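Remarks on the overall topology
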Amino acid sequence: MLGFFNPGRTIKHLLRYRQVVAILTRYGFGEVFSQIRVWKFFRIENKMRHRQPELAHIPTAQRLRMALEELGPTFVKLGQMLSTRPDLLPPEYIHEFEKLQNRVSPVPARLIKNVIESELKKPLDQIFDWFDETPLAAASLAQVHRASLAGRQVAVKVQRPAVAGIIQADLDILSTIAALMERYLKGAYVINPTGIIREFTDNVHNELNFMTEARNMRVFAANFKGTAWLHVPEVYLEDCCTRKVLIMEYVDGIPLSDIARLQKEGYDLKALATHGADIAFRSALEFGFFHADPHPGNVLVLPGNVICLLDFGMMGTLSSRTREKLGQLMYFIAENDERRTARALLGLIESNEVIDAETLEGDVSDIIHEFGHSVGRQLSMGNIFFKLIKLLGRHHARFPTHLVWLFKSIGTLEDSSLKMNPDFELVKAVNPYARKLVFHSFNPFKQTREAYFSIFDSLNFFRDLPYDAGVVLEKLKKGRIKIEFEHVGLEPLRKTLHRITHHLVLTILLAALLISSSLIVLAEVPPMIGHIPVIGIAGFGLSLIVAVILIITIIIE
């Protein structure tokens, strides 16, 4: 976690750890750090454990949102992500974190211009015909400006200066805190803090690499090639895109959330709801590559009832096996088949414990019964998924995080569709795609092919078994079989030994520099400045730097 041979990074991380803990404690979350033993883990003094009295009257959710804002872009981004996870947080937290979506101050235009010129290796006036210094949008990682490139209207997405270095240190901190939560907080496994932070880290790294986003846009557009009512902005890759700058087609449309304007200008809202459902289910169930953040701000409507998706930094992928199981889950929910719904559910979830299938089936039956007796307009596929998530929590199980992203996307789609068409039923929209997957998985030709390859794999296994057994026995005879043990609860001791060793290495290095420099001075080794060797002066200077580093690390720790 802390770089052993990199004292500068160690100091930087420790200072940021203390800053993060101090800010969150000031807002009243010191007790959480006590439960996960942060104080002992980082040897942070007791005086940091108390919050400011003037914050006591502020609701917890609001205090946490204020703390995230003060902590900077990484934590703002985390809050934005958590605002889309009603499976993890109560409504009051979701409501507060949604305020983070539009609370990022823009970067001054001169700094944005510097990034563009540095990345594209040209002055700005040689790249664009004109460049609007007022951003179209500003987010925690980047902001978008309008410009003209060779006579074409373009949108220029630019990464905020120096944000990558700041974010990496914060991601390390969040990973450590998540690991401590999972170790010391009862029930944290179901919430899966390490999985959430791992997914968040992957998403942030992808969003920091605009070449990845450009690839996502091109892949998504290729999947829907020929679909007249979906538009993905064109990306200008030739000498115009880097990890920090993305130039794409500028699209002027009506936000999907502006229902009144869409109605006023004569758009077919029922068609838009149907098109949105088709995009969501085709991308997820047919292609296994879906937009993981389709909130209304990322969706525009163009003339002809064409939907335009924006911001492809956060995408989800599903394997063919997962798509089959997911299709079965959706299909059997719609068919009110609790037994097969439970079986499909078992094929999708993660758990460290053995789940009683009969008990799970009974709990699923309650949800299916409630679903099956709902009035048409009250059917909510999003609510069904989140009830299943809560049900799994009672069984100490969970969905993989990429499925939760999909469920959230489906819930967002359903909310938007119902605003456009109150009679819209998502379960009817998903049924053709789910049915296709179910019957495809039971296709006799597919089953014959699967059986053939199963026999093929089994023959390979039995063919290789004598050789593999021989290798194991040979290693056993020579005493080369290794058994690995995992020690639990020794992390504080390991950290203490790490710090002691770190200090010892610096001390030995300091002593060696002082002794060698003194010997060089006494031997008067040329070249000389006056009567003192230059190498000796350099050695004493380096000794001073090492001594300062050693003193700082001892004081901090």
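Relevant structure appears above.
Residues numbered from 1 in each chain as written. Predicted model: local features only at pLDDT ≥ 70, side-chain atom pairs only at ≥ 80, totals over all residues. Heavy atoms only, no water.

So, the layout of surface pockets
- The space that makes up the largest pocket amounts to roughly 1,500 Å³.
- Lining the largest pocket are 48 residues, with Ala137, His295, Gly297, Asn298 and Asp311 positioned closest to its centre.
- Only α5 (73–82), β2 (137–138), β3 (142–149), β4 (152–159), α12 (210–223), β6 (245–249) and α19 (401–420) provide two or more residues apiece to the lining of the largest pocket.
- Per-element accounting of the lining of the largest pocket gives the leading share, six residues, to α19.
- Residue composition of the lining of the largest pocket, by class: 24 nonpolar, 12 polar and 12 charged.
- Estimated volume of the second largest pocket: approximately 910 Å³.
- Listing elements by their share of the lining of the second largest pocket, those giving two or more residues are α1 (7–26), α2 (30–35), α4 (60–71), α5, α6 (91–98), α9 (163–184), α10 (188–191) and α11 (193–208).
- When residues of the lining of the second largest pocket are assigned to their parent elements, the largest contribution, four residues, is made by α9.
- Across the lining of the second largest pocket, the residue classes tally to 26 nonpolar, two polar and one charged. (1 Å grid on protein atoms, 1.4 Å probe; cavity = no way out; pocket = protein on both sides within 12 Å on 5 of 7 lines; lining within 4 Å. Points joined across faces, edges and corners; volume = space filled by probe spheres on them. Helix = DSSP H or I, 4+ residues; strand = E, 2+ residues; numbered from the N terminus. Nonpolar A, V, L, I, M, F, W, Y, C, P; charged D, E, K, R; others polar.)

Quick look at empty space enclosed by the protein
- Taken as a whole, this structure holds two cavities of 30 Å³ or more when the rule is applied.
- Looking at the largest cavity, its volume works out to about 290 Å³.
- Lining the largest cavity we find 23 residues, and of these Gly276, Ala280, Pro294, Leu309 and Leu413 sit closest to its centre.
- Of all the elements in the fold, those that place two or more residues in the lining of the largest cavity are α14 (269–287), β8 (289–291), β10 (306–309) and α19.
- Counting residues per element, the lining of the largest cavity draws most heavily on α19, at eight residues.
- Classifying every residue of the lining of the largest cavity gives 15 nonpolar, eight polar and no charged.

Description of the pairing of β10
- Burial of β10 is two-sided: the residues Val306 and Cys308 facing one way and the residues Ile307 and Leu309 facing the other way are all buried.
- Judged from the two bridges that link them, strand β5 (residues 230–231) and β10 form a sheet pairing that is parallel. Counterpart to His231 in the pairing with β10 is Cys308.
- Alignment of strand β9 (residues 299–302) against β10, held across four bridges, turns out to be antiparallel. Across the sheet, Leu302 pairs through a bridge with Val306, a residue of β10.
- Connecting the antiparallel pair β9 and β10 is a turn made up of three residues, with Gly304 showing a positive phi of about 90 degrees. (Buried < 20%, exposed > 50% of the residue type's maximum accessible area, 1.4 Å probe, protein only. Pairing = 2+ DSSP bridges.)

Description of the environment of Asp356
- Locating Asp356 in the fold gives a position in the loop between β12 (350–351) and α17 (357–372).
- Spatially, the C-alpha atoms of Asp356 and His395 are 8.6 Å apart, while their sequence positions differ by 39 residues.

Looking at the packing of aromatic side chains
- In total, this model carries nine aromatic pairs according to the counting rule given.
- For the pair Phe281 and Tyr433, a centre-to-centre distance of 6.2 Å together with 35 degrees between the ring planes defines the contact as tilted. Of this pair, Phe281 sits in helix α14 while Tyr433 sits in helix α20 (residues 426–441), and the two are 152 residues apart along the sequence. Taken individually, Phe281 and Tyr433 each receive the classification buried, so the pair is uniform in this respect.
- Among the aromatic residues, those joined into a ring-pair cluster are Phe220, Phe224, Phe287 and Phe312.
- Seen from the ring of Phe29, Arg63 lies directly overhead, with NZ or CZ sitting 5.5 Å from the centre.
- Over the aromatic face of Tyr236 sits the side chain of Arg152, whose NZ or CZ is 4.3 Å from the ring centroid. (Phe/Tyr/Trp six-rings, centres within 6.5 Å; stacked < 30°, edge-to-face > 60°. Lys NZ or Arg CZ within 6 Å of the ring centre and 35° of its normal.)

What about unusual backbone geometry?
- Phi is positive for Asn305, which is not a glycine, with a value near 60 degrees.
- Within the secondary structure layout, Asn305 lies in the loop between β9 and β10.
- Overall, Asn305 belongs to the buried group, its relative accessible area being 17%.
- Phi is positive for Asp311, close to 60 degrees, though the residue is something other than glycine.
- Note on placement: Asp311 falls in the loop between β10 and β11 (315–317).

Comments concerning α14
- Relative to the 27 Å expected for 19 residues at 1.5 Å per residue, α14 spans 26 Å between its end C-alpha atoms, a close match to the ideal helical length.
- Taking burial as the measure, the 19 residues of α14 include 14 buried ones, the bulk of the element.
- One side-chain oxygen of the residue at the start of α14 lies 3.2 Å from the amide nitrogen of Lys270, identifying that residue as Asp268.
- Downstream of α14 by one or two residues, Gly288 has phi in the positive range, about 65 degrees. (Expected span 1.5 Å × (residues − 1). Polar contact = N/O pair within 3.5 Å; in protein donor to acceptor, adjacent residues only side chain to side chain.)

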